[in-house]
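Residues per chain are reported as follows:
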Amino acid sequence: MIELRGLVKKFDDFAALDGIDLDVPDGTAFGLLGSNGAGKSSLLRILSGVYKQDGGSAKIDGEDIFDNVAVKERVFFINDETIQYSKFTLEELKDFYKGFYPKFSEEIFNKLCNTVKLPLKKRIDTFSKGMKRQAIVIIGLSCQTDYLLLDEAFDGLDPTMRIIVKRMLVDAMLDRSLTVIISSHNLKEINELCDTAALLHRGKVVFCRDLDSIKGNIHKIQAAFAIDYNKEDFSDIEVLHFERSASITYLIAKGGEEELKEKLKEKKPLVLDIIPLTLEEIFIYEMEGLGYDCQGIDK
Amino acid sequence: MTAKALTSNFFTNFKYKVKSSLRVMVVLLVLHICAAPLNLFNIIIFLSKSKKYGSASYNQLYFAIGIISTCIAVGAGLIIALNVFNYLYKKSLVDMTLSLPITTRQRFFSDFLAGAFIYLAPYIVSCVISLILNAIGSSLFAKWNYYDVKITSNLLTLIVSGFFIMLMLYILSILAITCCGSVFEAISYAGLLQILIPSTIAVFGYIFMGNLYGINLSPKIMPVIRATSSIGALMGMFSDMQYGGNTLFNLKWLPPFAILTVIYFAAAYVLYMKRKAEQVSKPFVYKLFYYIILTSITFCIGTIFTLESFDSNLIPLIIITAIVYLLFEVITNRGFKKFYMSAIRYAVTIAAVVGITLLFEQTDGFGAVTKIPSADSVASVETDYGGFFGIFDNDKMQTYSDSQTIESVIKAHTSVIQRYKKEKNSGSSLDPYSNLSNVQITYNLKNGSSFSRTYSLRLEDAILLKSIDKTPEFKEKCLQTLKNAYKTYSEMSNQKEFLYLNNSLHTNSTQVNSKYADELFEAIAEDISQIPESEYLAPSKDFIAFLEVGSIRIPLNENFSNTLLLFKKYNIKIPALDMTADLFNNKDFSLASPENSKVNLNGKNYWYSTINSYFYPEEGSMAYLENTPEARELITHAQPSFFTDEPCYSLYIYGERYIIPPKYSSLAEKIYNSAGQ
């Protein structure tokens, strides 16, 4: 289990992570959401032992991660670049990682290579971007670590390849209770693959819950009232977004469907529709609530 | 985590790095083989041909190839360090490298050893090949020498030296790379550091300190340069090759060099461990390193410019250092961001450099120039002063600890400093090179410290120093030196007698029997200590003959009363001046007018002769002596060691100058005017 307590990472005066508290249970598919510069990559680098935290603690099963070989052997990190593998062939890359990860499985490696039909003896810099991604995901899975950290791992993959990579990950999760942490701007991917997600903003955790509860806790409301209410009139509800168009009032509000219905009934709506949001919509409205929106650009 | 797993990851990393550089190793091996092994092989061929045909010539091209290939192979240390530690300046490699299950310490040592192996293994292989060829050569030839150079001992020294020089170059490169975070800085500063260490020390020692009167760090600087950098050590080796004789190389420099190598390694390790992964892509991880380099460059340029004078060079100094400094700043800051800060930093740096240089100059190196110890604080004094008659080798320092000698040295030193202060205050120029003789003085103080000064003495200072000749300690050393010189030369020449009396014309000599040597040396030492000071510079007594003990030549005259008595006692014949007719009327026996033989020192004319000094006046300025009674008489008055500011004639005998004392000037003038030129 990954346990982060009061985690701080600073780059000069800028706090990329500012007191992160997070638990990731084993076997979870964990999504990391957040705007650019929210601290997702920094968090993954701390989890993989690349960065050393400036404050707080980052532990896996109670042990510090940084400079701890025993813990690092259980973690594999795939970042958003592939240039570092360019001079290797896939076979050389396998030999390289095999020496470092004691549980490396040739069987899994061969099986996955056969599935995606990647050439073993060609240099990786001759691969397409998608092939490079596949190659490193295959390596990551073959290392058989307990934790696989993916930073923008689906970038550059075509839809078919995305499905193949996702299937590889899901199989590994099912086979050996692999914990996957995915950082991505592609919320569809997170939605499909993860069961838990955390939203980071300016180095802090905005929320961290399982996806069902996230989705069940934020709703889009379309209602028509006899009176024209303002946003302030809904002070008993946590409203992330308020908009009125003619007689229809649109609200994005936090809370369960029943709870919201009860509170809105007091205002005697003529029409009331409560619709669940997609993860992408939740992300956008949550970020808007935090002052991170595209309104300024529109204007 | 088991120790086995830790070791395994260490070796996995090591193996990967070595494996990926196999091609580099092959290239290095070829380069190394082109150096010592190729030359040894060719020496074997050369000696075989020499043996067979009596003589052969060695193709010097092989040496040239060897030197070029060695330079390339040694320089490869920088590239290997850059390659092995590439994740320290390539951002794309950071995640891949640092996320591997290996500790920071393991990674450092594993990478360090891998690089060292890639770099040094081909060298070691070539050394083994060289040793095999050396064994073959020494078994084939009874005299396994290249001309006079002993091959085996020099080869072994060369192998050890090469290993340590390469190791330091590699470690210094790692040190620089550890301080840098981007490609450009890593490459350029790894190279710059290698050059800047010896350069800064050289500028500091030779120019900055050397500019201070009497302070000469030159003898101490070369060993420092040699011990602190690979390039310095290589320079030292080339210097050894030029002046080393048959034992080209020595390893005296190695212990401090090895200690420095360990210190550089420790510094690289500490800085590596303190580095953070996120600092990659910053030009400098440790800004202090950058400012040290930049300040050193500014200091070097500044010192060179201010060598002559501040007044005329201040503006060019500011312009050039500003261009260099700000160029570095623009490159490092990747543009003109906060350029005013760069300008301020430059102003502070140049003000510090100029300020320190000016302060040094104005305060005479914070009083170092005028520092004279009190006699009671000195435990001993060392000097290369060879005695008035040059008994001691001038390259060899003599140590004196009796108070009389120490006081004499301090007296001479005080005279030098007083004159310096007077001339400095009056604004007259100090030209240390137009003085009489150089002397180095080292005071070993009772508190355990020591300091040295080197002066070019003027006459008035030199006379004060000559009172050393009268001390009992000097007398004892003089006696020992004469005995040792006699013993050494006798052994070298396999002759029992190597003690001669010789006249100035080299026409007659007397060999002194060795059984009188000790007694003779006692008499001479006694005479030297008794000669009145007034007789040092301008002896009133006629020169009789040279007493020659090996290379020591003592001009005897009647002041050597004990010596002359001894000759009489043992019936040792003083060689007569045999003036045969064929000596005359040629340039090896000629007279120069006062005008043509004067020597200008500090704006004043002098006429002097010193032993073992040769002069070759211009043709036409000399009068050839004719075989006349006057000329014969004049020769008997010629002095081989004489110093005066009174104009007088000089006699040249086989290039050696003899002064005709002023009291015989009228006789000399008569001969000069009547002689043919």
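Residues numbered from 1 in each chain as written. Chains lettered and ligands numbered in written order. Predicted model: local features only at pLDDT ≥ 70, side-chain atom pairs only at ≥ 80, totals over all residues.

### Notes on the overall build of chain B
Rules: Helix and strand definitions follow DSSP, with helices as H or I runs of at least four residues and strands as E runs of at least two, each counted in order from the N terminus. Contacts here follow a simple rule: the backbone-placed C-beta atoms of the two residues must lie within 7 Å.
Within chain B one finds 23 helices and 17 strands. Summarising its shape, the C-alpha atoms of chain B cover approximately 100 × 70 × 50 Å along the three principal directions. Sequence separation of at least 24 residues holds for 73% of the intrachain contacts in chain B that already meet a minimum separation of 6.

### Notes on the overall build of chain A
Looking only at helices and strands, chain A features 11 helices and 14 strands. By its C-alpha atoms, chain A is 70 × 40 × 40 Å across when sized along the principal axes. Here the contacts in chain A between residues at least 6 apart in sequence split such that 70% fall between residues at least 24 apart.

### Observations regarding the domain arrangement of chain B
Residues and elements named next belong to chain B. What counts is decided by this rule: These domain limits were set by an automatic method or by a database of domain assignments. Throughout, the ten residues Ala, Val, Leu, Ile, Met, Phe, Trp, Tyr, Cys and Pro are labelled nonpolar, Asp, Glu, Lys and Arg are labelled charged, and all others, Gly among them, are labelled polar.
Parsing chain B into structural domains produces domain 1 (21-285), domain 2 (375-470), domain 3 (472-569) and domain 4 (581-674). Taken together, the 10 residues of domain 3 in the interface contact 16 residues of domain 4. Residue composition of the side of domain 3 that touches domain 4, grouped by class: 6 nonpolar, 2 polar and 2 charged.

### Describing the packing of helix 7 (residues 151-179) of chain B against helix 8 (residues 183-208) of chain B
Residues and elements named next belong to chain B. Selection criterion: Lines fitted to C-alpha atoms define the axes, with helix axes restricted to the stretch in contact, and inter-axis angles between N-to-C directions lie between 0 and 180 degrees. In these notes the angle categories are as follows: under 35 degrees is roughly parallel, over 145 is roughly antiparallel, 65 to 115 is roughly perpendicular, and the rest is oblique. Each crossing gets its hand from how the near helix is turned against the far one by less than a right angle, where anticlockwise is left-handed and clockwise is right-handed.
Contact geometry for helix 7 and helix 8: axes closest at 8 Å, N-to-C directions at 135 degrees. Between helix 7 and helix 8, the angle is such that the two are oblique. The two elements helix 7 and helix 8 meet at a crossing, and its hand is right-handed. Where helix 7 abuts helix 8, its residues L169, L172, S173, L175, A176 and I177 lie against A186, Y189, A190, L193 and Q194. A per-class count over the contact of helix 7 with helix 8 returns 9 nonpolar, 2 polar and no charged.

### Considering the sheet that holds strand 12 (residues 238-245) of chain A
Residues and elements named next belong to chain A. Where we set the bar: Two strands qualify as a pair provided DSSP detects at least 2 bridges between them.
Pairing is antiparallel across the open sheet formed by 4 strands, whose spatial order is 12-13-11-14. Edge positions in the sheet fall to strand 12 and strand 14 (269-276), since each of these pairs with one other strand and no more. Looking at each pair of strands side by side, their axes are set apart by 20 degrees on average, direction ignored.

### Topic: helix 2 (residues 22-33) of chain B
Residues and elements named next belong to chain B. Put simply, the rule reads: One less than the residue count of a helix, multiplied by 1.5 Å, gives the span that helix is expected to have. Here the C-beta atoms are placed from the backbone, and a residue counts as buried if at least 20 other C-beta atoms lie within 10 Å of its own, exposed if 12 or fewer do, and partly exposed otherwise. Throughout, the arc means the angular range of directions from the helix axis out to the C-beta atoms.
Between the first and last C-alpha of helix 2 there are 17 Å, a value that for 12 residues agrees with the 16 Å anticipated at 1.5 Å per step. By the burial criterion, the buried members of helix 2 are L28, L31 and H32. Within helix 2, the buried residues cover an arc of 95 degrees as seen down the axis, which keeps them to one side. Among the exposed residues of helix 2, those pointing more than 90 degrees away from its buried face are L22, R23 and V26. Here the buried face of helix 2 lies against helix 4 (61-84) and helix 6 (104-140).

### Description of the sheet that holds strand 17 (residues 656-660) of chain B
Residues and elements named next belong to chain B. Pairing in this open sheet of 4 strands is antiparallel, and the strands run 14-11-16-17 from one edge to the other. Of all the strands in the sheet, just strand 14 (622-624) and strand 17 have a single pairing partner and so form its edges. On average, each strand axis in the sheet is tilted by 30 degrees relative to the strand beside it, whichever way the strands run. Where strand 11 (residues 589-592) and strand 14 come together, 3 bridges link them in antiparallel fashion. Bridge pairing in strand 14 places A592 opposite M622.

### Let's talk about the interface of chain B and chain A
Taken residue by residue, the interface counts 21 residues in chain B and 21 residues in chain A. Of all the secondary structure elements, the ones that give two or more residues to the side of chain B that touches chain A are helix 1 (3-19) and helix 5 (94-98) of chain B. For the side of chain B that touches chain A, the element with the highest residue contribution is helix 1 of chain B, accounting for 5 residues.

### Here's the deal with unusual backbone geometry
A positive phi is found at D67 of chain A, a non-glycine position, where the angle reads about 60 degrees. Classification of D67 of chain A by C-beta neighbours within 10 Å gives partly exposed; the count is 17. Look at D364 of chain B: it is not a glycine, yet its phi comes out positive at around 50 degrees. By the secondary structure assignment, D364 of chain B is in the loop between helix 14 (339-362) and strand 3 (378-383).

### With respect to the nonpolar core
Our working rule: For the purposes of this analysis, a nonpolar core is taken to be any set of buried Ala, Val, Leu, Ile, Met, Phe, Trp, Tyr and Cys residues that are connected through C-beta atoms within 7 Å.
Counting residues in hydrophobic clusters, the biggest one holds 154 residues, and the most contacted among them are L47, L149 and I181 of chain A together with A81 and I177 of chain B. At 15 residues, helix 7 of chain B tops the list of elements feeding residues into this core. With near-sequence residues (within four places) excluded, I181 of chain A lies in contact with V24, F30, L32, L44, L47, L149 and L150 of chain A. V409, V439, I441 and A545 of chain B belong to the second-largest nonpolar core, a separate cluster that totals 70 residues.

### A look at the packing of helix 4 of chain B against helix 8 of chain B
What describes two packed helices is the angle between their axes and the distance between those same axes. All names here are of chain B. Remark: helix 4 packs on helix 8, axes separated minimally by 10 Å, with the N-to-C direction vectors making an angle of 145 degrees. The way helix 4 lies across helix 8 gives a crossing that is right-handed. On helix 8, the residues touching L78, A81 and L82 of helix 4 are A186, I187, A190 and G191. Tallied by class, the residues present in the contact of helix 4 with helix 8 amount to 6 nonpolar, 1 polar and no charged.

### Observations concerning the domain arrangement of chain A
Residue and element names in this part refer to chain A. With domains assigned, chain A is organised as domain 1 (2-210) and domain 2 (217-298). Taken over C-alpha atoms, the centre of domain 1 sits 36 Å from the centre of domain 2. Counting residues at the interface gives 8 residues for domain 1 and 7 residues for domain 2. Only helix 7 (187-193) and strand 9 (196-201) provide two or more residues apiece to the side of domain 1 that touches domain 2.

### Quick word on the pairing of strand 10 (residues 204-210) of chain A
In the sheet, strand 9 of chain A pairs with strand 10 of chain A via 6 bridges, with the strands oriented antiparallel. Of the residues in strand 10 of chain A, the one forming a bridge with T196 of chain A is D210 of chain A.

### Quick word on the environment of I227 of chain A
Within the element layout of this structure, I227 of chain A appears in the loop between strand 11 (218-225) and strand 12. Along the backbone, I227 of chain A and A58 of chain A are 169 residues apart, and their C-alpha atoms lie at a distance of 52 Å.

### As for the environment of G365 of chain B
All names here are of chain B. Structurally, G365 can be placed in the loop between helix 14 and strand 3. With 153 residues separating them along the chain, G365 and L212 place their C-alpha atoms 6.8 Å apart. Those residues in contact with G365, other than ones at most four positions away along the chain, are L212, I215 and F360.

### Re the environment of P647 of chain B
All names here are of chain B. On the secondary structure map, P647 appears in the loop between strand 15 (642-644) and strand 16 (649-653). The class of P647 is partly exposed, set by 15 C-beta atoms lying within 10 Å. Note: C-alpha distance between P647 and P662 (15 residues apart in sequence) is 6.8 Å. In this structure, P647 is in contact with P594 and W607, ignoring residues within four places of it in sequence.

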